[in-house]
Amino acid sequence: MAQQEHQLDRLKFCCSICLDLLKDPVTIPCGHSYCMNCIQSCWNREDEQRIHSCPQCRKTFTPRPVLVKSTMLTDLVEELKKTGLQAAPDDHCYAGPEDVACDVCTGRKLKAKKSCLFCLVSYCEEHLQPHYDVPQLKKHKLVEPSKNLQENICSRHDEVMKMFCRTDQQSVCYLCSVDGHKGHDTVSAAAERTERQRELQESLQQILQRVQDREGDVKLLQQEVEAISRSADKTVEDSEKIFTELIRLTQKRSSDVKQQVRSQQEAEVSRVKERQEELEQEITELKRKAAELEQLSHTEDHIHFLHNYRPLSALSESTHSSSINIRPLRYFEDVTAAVSELRDKLQDTLRQTWTNVSLTEVDVLLSEPEPQTRAGFLQYSCELTLDPNTAQRELKLSEGNRKVTRVKQQQPYFNHPDRFKGCQVLSRESLTGRSYWEVERRGGGVYVAVTYKSISRAGSGDECGFGCNDKSWALYCYQNMYRFYHNDITTEVSGPPSSRVGVYLDHRAGILSFYSVSETMTLLHRVQTTFTEPLYAGLRLFNSFLFGPGSAELCNLK
């Protein structure tokens, strides 16, 4: 409260022209006070009109009053300065280039607090006060400060534009509405604002909803980024372990080959050296005998010669052959050849495996939007045929294995582990990308389904039936009625009756949609999930007492 009183005191001693404390204050005949230089400069500009007025109350004076410095005001201002009174408002109170300035202030202008749509004037806090105090001014429309107030003035009639012409889609004044826009659909600007405000709110809601959807998409993409990173990190870690194990195994095999070669080397060298020693002993013995015979041959004593000489045949026979067969230098070449062959095979395997790794593309592309027209769906049409090895024996295939009919006579199918016990059949082709096909049905009820190949075949219970387990999704169609089944949960489906059902699959995005196909396509049911295996198209048939044998055909869309 004391601060507010201090602020009022300051304003009382400010010049309304420069908005600063009075300097050399003078009081003019109407009683208002100004800085001498400020009022003189103001009146100097009015000298040509020979009429001088008060900037505040607009009272005119003729002739120009003589200005005399007010001693009392001078003393009061000086005294107030000594008590700590600020000389002028803070700088942030003044209007800058980007601010809306008060239209009433003279000299340095203060920032506008409000703009009046009735007066078409912007006011600072001081000059705005009458709009809060005077009853007639309280009815005026105050808005946040605006630089565009002149846009509310009709350039033709210089009147405030309070009407809106819907015919010409422009703002007009009242005179325009009865003149140039006579006969047009004109309403008050407030009424048009209310209508457009409603449209704005609807647009805002749509934008906010789209923002929410996009934020959800961003969150999903972030999750996908994290999943990709986790998968990549795990793959790198697993690959390093596998290659480390492969290197360890190769090193072990290298060590085994080295140990085996050295062991064989030691055994063979030992055997050869043993024979070598035997031969050297035999050579020593032969040399000793040769020396004895040489000595005996030189004796002159005939009797001594005859007593000691033994024929050569009397020599002890050698335990070894007289000839040694030396093989060519190919002792361990077979091992080298075997290792080389292993190297070549390993290189071929690594080359082939690396080619497969290089060709394996990680699918991280964003899913494309679902087509909106049948022509768009037909871009993804696929040629499907039914697999006789999966058909139950009461199902007869025809039309190049594209049509199936339930019959009473069992068909002569061979026994096969993929054959269903219930009246079901699968497509021969698997579905892993974006696919679209259509089924034309007649007679009894038909389940149009997709399923993993791993679905059970042995039996007719829930583990085998399309839509009765977590491995299959099925739309049941019977006359004008539809139901969707998955994991034995039933969902009622409404839609226009049609004998043809379209199926759209985006395996990577996890989207499965069923459509009623006639002159137009109507969505019957859409599934958003995650598929973990390749899918196969499936058909399941029921007979009808009223409409005869049920049949279904995979349509040729090419």
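Worth saying up front: this structure is predicted, and the values here are computed from it rather than measured.

Observations regarding the packing of aromatic side chains
Consideration 1: Counted by the stated rule, this structure contains 12 aromatic pairs.
Consideration 2: Between F377 and Y436 the ring centres are 5.2 Å apart and the planes differ by 35°, which places this aromatic pair in the tilted class. Taken together, the residues span a long stretch of sequence, with F377 in helix α10 (residues 374-378) and Y436 in strand β14 (residues 434-442) at a distance of 59 residues.
Consideration 3: A network of ring pairs unites the aromatic residues F377, Y380, Y436, Y504 and Y515 as a single cluster.
Consideration 4: One Lys or Arg, R108, reaches over the ring of Y94 and ends 3.6 Å from the middle of that ring.
Consideration 5: A cation over an aromatic ring shows up here: R540 above the ring of Y447, its NZ or CZ 5.1 Å from the ring centre.

A word on the pattern of salt bridges
Consideration 1: For the structure on display, the rule yields 26 salt bridges.
Consideration 2: Linking K69 and D24 is a salt bridge whose minimum nitrogen-to-oxygen distance equals 3.5 Å. Placement of the pair is K69 in the loop between β4 (60-61) and α3 (71-82) and D24 in the loop between α1 (2-12) and β1 (25-27), with a sequence separation of 45 residues.
Consideration 3: Residue D24 is classed as partly exposed on the basis of its relative accessible area of 39%.
Consideration 4: Between E394 and R406 there is a salt bridge whose closest N-O contact spans 3.4 Å. In this pair, E394 sits in the loop between α10 and β11 (395-398) while R406 sits in strand β12 (residues 403-406), placing the two residues 12 residues apart along the sequence.
Consideration 5: For E394, a relative accessible area of 22% puts it in the partly exposed group.
Consideration 6: According to the relative accessible area criterion, R406 is buried, its value standing at 19%.

Digging into empty space enclosed by the protein
Consideration 1: Summed over the entire model, instances satisfying the criterion amount to 1 cavity of 30 Å³ or more.
Consideration 2: Taken as a whole, the largest cavity holds about 30 Å³ of empty space.
Consideration 3: Lining the largest cavity, in full, are C382, E383, L384, R402, W437, L554 and C555.
Consideration 4: In the lining of the largest cavity, the residues fall into 5 nonpolar, no polar and 2 charged.

Considerations on the pairing of β11
Consideration 1: Here β11 shows one buried face, formed by L395 and L397, and one open face, formed by K396 and S398.
Consideration 2: Connecting the antiparallel pair β11 and β12 is a turn made up of 4 residues, with E399 showing a positive phi of about 55°.

Quick notes on unusual backbone geometry
Consideration 1: Residue P63 is bonded to the preceding T62 through a cis peptide linkage, with omega at 0°.
Consideration 2: Its location among the elements puts P63 in the loop between β4 and α3.
Consideration 3: Despite not being glycine, R58 has its phi angle at roughly 65°, a positive value.
Consideration 4: For R58, the location among the structural elements is in the loop between β3 (52-53) and β4.

Topic: the sheet that holds strand β8 (residues 163-165)
Consideration 1: Taken in spatial order, the 3 strands make up an open sheet running β9-β8-β10, and their pairing is antiparallel. What marks the edges here is a single partner per strand, and that holds for β9 (170-172) and β10 (186-188). Taken pair by pair, the neighbouring strands of this sheet meet at an average axis angle of 35°, ignoring direction.
Consideration 2: Sheet strands touched by helix α7 (residues 189-297): β8 and β10. Its angle to β10, the strand with the most contacts, is close to 90°.

A word on the sheet that holds strand β6 (residues 121-123)
Consideration 1: Strands sit in the order β6-β5-β7 across an open sheet of 3 strands; the sheet is antiparallel. Looking at which strands have only one partner, the edges of the open sheet turn out to be β6 and β7 (142-143).
Consideration 2: The strands that helix α4 (residues 125-133) touches are β5 (114-116), β6 and β7; relative to β6, the one it contacts most, it runs at about 110°.

Thresholds applied
Numbering of residues starts from 1 in each chain and follows the order in which that chain's sequence is written. Local features in this predicted model are restricted to residues whose pLDDT is 70 or higher, and side-chain atom pairs enter the listing and the counts only when it is 80 or higher, whereas totals over whole chains, interfaces and linings include all residues. With hydrogens and water excluded, all non-hydrogen atoms of the structure serve as input to the side-chain values. Two rings from Phe, Tyr or Trp (for Trp, the six-membered ring) form a pair when their centres are within 6.5 Å of each other. A pair whose planes differ by under 30 degrees is stacked, one over 60 is edge-to-face, and the rest are tilted. The helix count covers DSSP runs of H or I at least four residues long, the strand count covers runs of E at least two residues long, and both are numbered beginning at the N terminus. Only when the NZ atom of a Lys or the CZ atom of an Arg is both within 6 Å of the ring centre and within 35 degrees of the ring normal do we say a charge sits over the ring. Take a side-chain nitrogen of Lys or Arg and a carboxyl oxygen of Asp or Glu: if they are within 4 Å of each other, that pair is a salt bridge. Summary of the burial criterion: residues with accessible area below 20% of their type's maximum are buried, those above 50% are exposed, and those between are partly exposed, where the area comes from a 1.4 Å probe applied to protein chains only. Only protein atoms enter the 1 Å grid, on which a cavity is a set of points fitting a 1.4 Å probe that cannot get out and a pocket is an open set with protein on both sides within 12 Å along at least 5 of 7 lines, lining residues being those with an atom within 4 Å of a point. Grid points are joined across faces, edges and corners, and a volume is the space filled by probe spheres set on the points. Residues were grouped as follows: Ala, Val, Leu, Ile, Met, Phe, Trp, Tyr, Cys and Pro as nonpolar; Asp, Glu, Lys and Arg as charged; and all remaining residues, including Gly, as polar. Paired strands, as defined in this entry, are two strands with at least two bridges between them according to DSSP. To get an axis, a line is fitted to the C-alpha atoms, and for a helix only the part in contact is used. The angle between two axes follows their N-to-C directions and goes from 0 to 180 degrees. Should any heavy atoms of two residues lie within 4.5 Å, those residues are considered in contact.

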